[in-house]
Amino acid sequence: MSPEILTIGMFGMVLLAILSGVSLAFAMGGTAVIFGLLTFGSYGMYSIVTTMLGAMWSILLSAIPLFVFIGVALARSKIAHDLYQAFYLWSGRTNGGLLLGTAGFAATLSAMTGSCAASTMTTGLVGIPAMDKRGYDRSFVLGTIGASGTLGILIPPSITLIVIGMQTGQSVGRLFLGGLISGLLLLGIFLLYIAIRSYMRPELAPGATEVAPLRERIGALRSVFLPLVVILSVLISIFAGIATPTEAAAVGAAAVIVSVAIRRELNWTYIKEVSYETAAMTGMVIWIVFGASAFIAVYGGAGGTTFMQNFLRGLDVSPLMMILILQAVTLLLGMFLDPIGIILLMLPIFFPIVVELGFDPIWFCILFQLNLCIGYISPPFGYNLFYLKILSPETPISAIYRAITPYFLLMLATGALIFLFPQIITNFTDLPERL
């Protein structure tokens, strides 16, 4: 089978399976089995099994259930609700104050959970009713929640950054640092946009008529302490070189348990629900890893990866234009596929080309990750668009598209800024080596 037919057949079958409602893991795994038999016969099954067994032994995989546990445990406790209440009380009379707090809350929740779904849904569930009472414009609210929720896979601890580290061999600690810098930059741009738009059109996000007493606001800051401990226990242990990402995940998981116990929310029902949900989400991620590993084993073994790399190398474009093409493909795929699936499918093709062209690999990976974030709010199939529809079922999907458009453009502009000025990322990610 020629590489051209192999490429069209395998990627076409995966896309057709997904559109038919088959989960990504089984779409990729099933395609691998079919084309493995067609291309190699029974020997194709051997390459699939050995590749999947090799993926199972990756030590970084053990960090995934721990980070998932952190996110689920926090989401199941009342920490998130109390944290939002603190942002609510401190929003004050500033126009758009509660939206500013909501964006900050979503970013904080992202740093705690590492999940776009958890960040977006939790922020919406606790934030929309509060802003409806204040008379905030629903479109402005939905756009802010949807865009801020994408930070869940960018700001550490991010499961997708761990998977990128597995695929590229790059330091997960440096990837986390790059994700933190780009995530904070994106958050800053969101906050600036919210502040300017609220100032120019105060009817969209009116300030509070009353301000909570100072004593009440200071008391609410106690709810910030425990989430801060969880976040810092993970990030500082990694960035300071005290622990590996897997060890830091264990530290974070322990910190969550202690935090929940301090709040007297730790009981058998809580443990059971968190354990079941963690197992279900971890299983979903691991099956995607296995399905993609099988797909790449067959596709690469049949010469497909080499064919795609040679095709890209043969394009008569400048190195920077090549990076733009790779990022555009990533953005397009992000509208249809799960980020982990895109990482496992495309990075084995893209990354060797990036290294050959002499670009900083961490910079490229952060750009790659940022485009996965943009894919989450890209019409017509961005995941966060459907989360917003769940949160606001009465809002037409076309209105959700319009609500998200300004933030979509801001994220593209942020990506362009990082693309044109790599030192925004590299000056920080190279710091551990310089020290």
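Just above, that's the structure.
Residues numbered from 1 in each chain as written. Predicted model: local features only at pLDDT ≥ 70, side-chain atom pairs only at ≥ 80, totals over all residues. Heavy atoms only, no water.

(A) How the structure looks around the nonpolar core. Grouped together as the largest cluster of nonpolar side chains are 135 residues, with contacts concentrated most on F67, F364 and F368. Looking at which element gives the most residues to this core, the answer is helix α14 (residues 268–301), with 13 residues. With residues up to four places along the chain from it excluded, the contact list for F368 reads I164, Q327, T330, I342, I343, L347 and F350. (Core = buried A, V, L, I, M, F, W, Y, C linked by side-chain atoms within 4.5 Å. Buried < 20%, exposed > 50% of the residue type's maximum accessible area, 1.4 Å probe, protein only. Helix = DSSP H or I, 4+ residues; strand = E, 2+ residues; numbered from the N terminus. Contact = heavy atoms within 4.5 Å.)

(B) Layout of the pattern of salt bridges. Taken as a whole, this structure holds 5 salt bridges when the rule is applied. Where E356 meets R313, a salt bridge forms, and the shortest distance between an N and an O atom there is 2.5 Å. Taken together, the residues E356 in helix α17 (residues 339–356) and R313 in helix α15 (residues 304–313) connect sequence positions 43 residues apart. The network of salt bridges with shared partners includes D132, R138 and E394. (Salt bridge = Lys/Arg side-chain N within 4 Å of Asp/Glu carboxyl O.)

(C) Spatial organisation of the packing of aromatic side chains. Tallied over the full model, the rule gives 11 aromatic pairs. An angle of 80° between the planes, with centres 5.4 Å apart, marks the rings of F190 and Y407 as edge-to-face. Taken together, the residues F190 in helix α10 (residues 172–200) and Y407 in helix α20 (residues 397–420) connect sequence positions 217 residues apart. For F190, a relative accessible area of 0% translates into the label buried. Exposure remark for Y407: the relative accessible area of 1% places this residue in the buried category. Judged by centre distance (6.1 Å) and plane angle (40°), the rings of F364 and F368 are tilted. Here F364 pairs with F368, and both are found in helix α18 (residues 361–376), just 4 residues apart, close to one helical turn. F364 gets classed as buried once you look at its relative accessible area, which sits at 0%. By the ring-pair criterion, three or more aromatic residues cluster together here, those being F140, F190, Y193 and Y407. (Phe/Tyr/Trp six-rings, centres within 6.5 Å; stacked < 30°, edge-to-face > 60°.)

(D) Highlighting the state of the cysteines. Applying the stated criterion across every chain, the model contains 0 disulfides. We note that C365 lacks a disulfide partner, and the nearest cysteine sulfur, in C373, lies 14 Å from it. For C365, a relative accessible area of 1% gives the class buried. Relative accessible area serves as the criterion here: at 0%, C373 is assigned to the buried category. (Disulfide = S-S within 2.5 Å.)

(E) Just the packing of helix α1 (residues 3–19) against α15, in detail. Between α1 and α15, whose axes approach to 9 Å, the crossing angle comes to 100°. Accordingly, the angle class assigned to the pair α1 and α15 is roughly perpendicular. When α1 is examined against α15, the residues P3, E4, L6 and T7 are found in contact with a partner set consisting of G304, F307 and M308. Its residues assigned to classes, the contact of α1 with α15 comprises 4 nonpolar, 2 polar and 1 charged. (Axes fitted to C-alpha atoms, helices over the stretch in contact; angles between N-to-C directions. Parallel < 35°, antiparallel > 145°, perpendicular 65-115°, else oblique. Nonpolar A, V, L, I, M, F, W, Y, C, P; charged D, E, K, R; others polar.)

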